[in-house]
Amino acid sequence: MEYVSYGECQAGVPGSKQDIVGVNFTLSPMSDQFVDIILGAVGQVDLSNVWAQTTHVGTTYRGEQEAVFDALAACILHAYQEGTHMSLHATISQGCPGDVDSDYKAPESENKRVNASSVADIHFDVLGQFSLYPLGQADYMSVIADAVNKGIDRGVIKESAHYGTVLSGDVHEVFHYLEDVCWFVQERVSHYVIELTLHMNIPGGDIDE
């Protein structure tokens, strides 16, 4: 691989002109059947509205925000198995100065949520944490505070943590909130990143401190 150079990148100037939102994520089912669970879920997602790539270390979706969140939520919902502990780690980004307009797919129809109906009846609780990074703006902490307060109002944020904010609730409500955060933040900064971890079917019992 050749060395890279980002010398032409400028803070506050997105590299893509298509307003591309991208997510790279990894699913980790705690099961002997983890390969079948992961690939089975990936294979059930309708990718007609997003550019997609799955490698040995994760899956990437790129496209318009509604389509990307639709595909991401569908993959997690298809992978869910009652009683099986599973975790999701995802990096969501929009507006990176180093981004490009390639590896992008415009929606094939006006319906950008082509997966929504197939997973609408799948419900389960998630617990996790996210960290929001609005970039290229001096008063970024006020943007983070406003985004967190929206989650408190919606009931998906009930506590804070070091280096992040705790999320909990129905999986659909949590993803709706996260997508709304992206809409909110992209109107205020040129580039943001979200680091997200969610857990499903966490083993019960007390945790020793």
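How each quantity is defined
Residues numbered from 1 in each chain as written. Predicted model: local features only at pLDDT ≥ 70, side-chain atom pairs only at ≥ 80, totals over all residues. Heavy atoms only, no water. Buried < 20%, exposed > 50% of the residue type's maximum accessible area, 1.4 Å probe, protein only. Helix = DSSP H or I, 4+ residues; strand = E, 2+ residues; numbered from the N terminus. Pairing = 2+ DSSP bridges. Phe/Tyr/Trp six-rings, centres within 6.5 Å; stacked < 30°, edge-to-face > 60°.

Participant: What am I meant to see in the pairing of strand S7 (residues 164-170) here?
Facilitator: Regular strands place their side chains on alternate faces of the sheet. In terms of burial, S7 is a largely internal element, 7 of the 7 residues being buried. Judged from the 6 bridges that link them, strand S5 (residues 125-135) and S7 form a sheet pairing that is antiparallel. Counted as the bridge partner of Phe130 is Thr165 from S7.

Participant: What am I meant to see in the packing of aromatic side chains here?
Facilitator: Geometry of an aromatic ring pair is reported as the spacing of the ring centres plus the angle between the planes. Tallying each qualifying case throughout the model produces 3 aromatic pairs. Arranged with centres 5.3 Å apart and planes meeting at 55°, the rings of Phe25 and Tyr61 form a pair that is tilted. Here Phe25 is found in strand S1 (residues 21-29), whereas its partner Tyr61 is found in strand S3 (residues 59-63), with 36 residues between them in sequence. Looking at Tyr61, the relative accessible area reads 1%, which means it is buried. Summarising the aromatic geometry, the rings of Tyr80 and Phe124 are spaced 3.8 Å apart at their centres and angled 5° between planes, so their arrangement reads as stacked. Linking Tyr80 in the loop between helix H2 (65-79) and strand S4 (86-94) with Phe124 in the loop between helix H3 (116-119) and S5, this pair joins segments that are 44 residues apart in sequence. Taking the relative accessible area as the measure of exposure, Phe124 reaches 5% and is therefore buried.

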